[in-house]
Structures are given as C-alpha cells and as structure tokens.
Amino acid sequence: DTAVSQTPKYLVTQMGNDKSIKCEQNLGHDTMYWYKQDSKKFLKIMFSYNNKELIINETVPNRFSPKSPDKAHLNLHINSLELGDSAVYFCASSQNRVEKLFFGSGTQLSVL
Amino acid sequence: DQQVKQNSPSLSVQEGRISILNCDYTNSMFDYFLWYKKYPAEGPTFLISISSIKDKNEDGRFTVFLNKSAKHLSLHIVPSQPGDSAVYFCAASVTNFGNEKLTFGTGTRLTIIP
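The structure presented is a predicted model; accordingly, all values stated were derived computationally and were not measured.

Caption draft 1: The arrangement of the overall build of chain A in detail. Per the secondary structure count, chain A includes zero helices and 11 strands. Counting helices and strands in the order they occur from the N terminus, chain A gives β-β-β-β-β-β-β-β-β-β-β. Taken against the 2.2 N^0.38 rule, which gives 13 Å for 112 residues, the C-alpha radius of gyration of chain A at 13 Å falls within 12% of a compact globule. In terms of principal-axis extent, the alpha carbons of chain A reach across some 40 × 25 × 25 Å. A buried classification covers 46% of the 112 residues belonging to chain A. Of the roughly 5500 Å² of accessible surface on chain A, 48% is carried by carbon and sulfur atoms. One finds the centroid of the 13 positive side-chain charges in chain A at a distance of 4 Å from the centroid of its 11 negative side-chain charges.

Right, dumping it as structure tokens:
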C-alpha cells in the first residue's frame, strides 16, 4: 500500500494550459503539504493544510490553488502554466511533528 | 537567501568506509535539524533528526552531529553500504506550534563504491 500517492507521475503540457495534480494519503495524517523542487534542486514548501485548513502559503503565485476536500486529499491546480513552472512537485503528509514527513514520489511537470 | 547549504554536490566513498555529509545553516532560529534520503524517482524519506538541545543523535549506522556555534551539522554513515547510494538532503525548521516548515539544502549525491 502506497502511503502518499500522487498522480500523474509525469505531466507535459503547453504554456497557458490549466492542469491539476492529485494527492492522497492513507496514513491518517492531519497535515498535508506541497513542495516544489526546481531545476537547481531546491526543495521549497508551497502550501500546507491541517485538517483542510490552509496553514502555510509561501508567497506562491495566485495561479497555484490548492484544494483539500478532506484531510486525506490535497490537490494542486495550476492555471495559465508558464515555462518557469517546470519542476518536480512533491506532496507530503505528517501527523504532529514536521520531521515525520512522508513524501509522495513526485510529479515531474514540463511546460513547453 | 539560501539558509541551508550543502556545499558538496557529490561524494564517493568505498563500501565499508565512513561517509560524512556536511550541512551549514545561517538562520540561528533553527532548532530542529533533519536528514532525508532520496532515491531516483522516489520522494525523500526521513532518516534521522536532532534537536538543538543535543549535539549528537545516533540511530544504527547513522549519526548526526550538531555544532551550534559553527552552525554546522554532519551525517556520518558507518559502515557505508551500496544501498546507501542516494541523494541526502539536510533540512531545518523553527518550532512554531504546528506551523513548522522545513527549509531544505540542495542535496549531496552519495555514491558507495563496491
């Protein structure tokens, strides 16, 4: 059983399109995150949700909108995709302490 | 502003020897430090952590050392095994009552040579 699963694994799309990445965790965790790993390999937090409530929003452009329908799911919708959005996006979850982050396997987004 | 730095992008170590991965940080507010390990096409997995009230934490073959005055931490793996070949990320956080966020370094690719 995959603890944190995200789909799709690869996403290739044109500039200006809108796309979504889905994430689900079956660990019963209260907190979920989206991280972005850019071309320089920096892994940076974008958002965190705790029990469907937005906790952290790291000055991400408004084109990025997370949606948490329940505490087991955190989806990421991106409008008007730009070349600079090309990166690997990781979903993660944790229960109480940030060190117990469980990551998904990542979604490689390529904007052409 | 890169608050967590891993200045060695890669490291090669003979199997059975000690691997030492280094990490420096600039934010003196960091009070919790972690190491994550990442295999290709997988997400990072938690390896070991240390609180700023300690200077050493050990878990099997893995030991993390923290030098607060130098703002430096290191991960020692001994003995190194082929399965340890991966990218290792150093991360740090500031305790903020549930709003903690991890700041990651850029990673060090460790290759264990059989």
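Caption draft 2: Just the environment of B:G16, in detail. Residues and elements named next belong to chain B. Relative to the assigned elements, G16 resides in the loop between β2 (10–14) and β3 (19–25). The class for G16 is partly exposed, based on a relative accessible area of 41%. The sequence separation of G16 and S28 amounts to 12 residues, and the corresponding C-alpha distance is 35 Å. Residues within four places of G16 in sequence aside, it is in contact with P79 and S80.

Caption draft 3: Structural view of a nonpolar patch on the surface. Residue and element names in this part refer to chain B. Judged by side-chain polarity, I18, I20 and V78 come together as a nonpolar surface patch covering roughly 230 Å² of accessible area. By the element assignment, V78 lies in the loop between β8 (72–77) and β9 (86–93). On the accessibility criterion, V78 (42% relative accessible area) is partly exposed.

Caption draft 4: View of the interface of chain B and chain A. Opposite the 21 residues of chain B that make contact, chain A presents 20 residues. Counting each side, the surface lost to burial between chain B and chain A is near 1700 Å², with a carbon and sulfur contribution of 63%. Linking chain B with chain A are one salt bridge. Among the ionic pairs, B:K101 bridges to A:E58, the shortest N-O distance being 2.7 Å. Where chain B touches chain A, the interface holds four residue pairs in polar contact (both at pLDDT 80 or more). Listed by contribution, the elements that provide at least two residues to the side of chain B that touches chain A are β4 (32–38), β5 (45–51) and β9 of chain B. At four residues, the largest contribution of residues to the side of chain B that touches chain A is made by β4(B). When the residues that make up the side of chain B that touches chain A are grouped by side-chain class, the tally is nine nonpolar, eight polar and four charged.

Caption draft 5: View of the sheet that holds β8(B). Residues and elements named next belong to chain B. Strand order in the open sheet made by the five strands is β1-β3-β8-β7-β6, with antiparallel pairing throughout. Edge strands, defined here as strands with exactly one partner in the open sheet, are β1 (4–5) and β6 (56–59). The pairing of strand β7 (residues 62–67) with β8 spans six bridges and is antiparallel. Opposite F62, over in β8, you have I77 as the bridge partner.

Reading the values: rules and limits
- Residues numbered from 1 in each chain as written.
- Chains lettered and ligands numbered in written order.
- Predicted model: local features only at pLDDT ≥ 70, side-chain atom pairs only at ≥ 80, totals over all residues.
- Heavy atoms only, no water.
- Helix = DSSP H or I, 4+ residues; strand = E, 2+ residues; numbered from the N terminus.
- Rg over C-alpha atoms; globule rule 2.2 N^0.38 Å.
- Buried < 20%, exposed > 50% of the residue type's maximum accessible area, 1.4 Å probe, protein only.
- Areas by Shrake-Rupley, 256 points an atom, 1.4 Å probe, with all protein chains shown as cover.
- Lys, Arg positive; Asp, Glu negative; His and termini not counted.
- Charge placed at Lys NZ, Arg CZ, Asp CG, Glu CD.
- Contact = heavy atoms within 4.5 Å.
- Patch = residues over 30% accessible without salt bridge, like charges linked within 9 Å, V, L, I, M, F, W, Y side chains within 5 Å.
- Salt bridge = Lys/Arg side-chain N within 4 Å of Asp/Glu carboxyl O.
- Buried area = accessible area lost by both parts, 1.4 Å probe.
- Polar contact = N/O pair within 3.5 Å; in protein donor to acceptor, adjacent residues only side chain to side chain.
- Nonpolar A, V, L, I, M, F, W, Y, C, P; charged D, E, K, R; others polar.
- Pairing = 2+ DSSP bridges.

As far as function goes, none of this settles anything; it's purely spatial.
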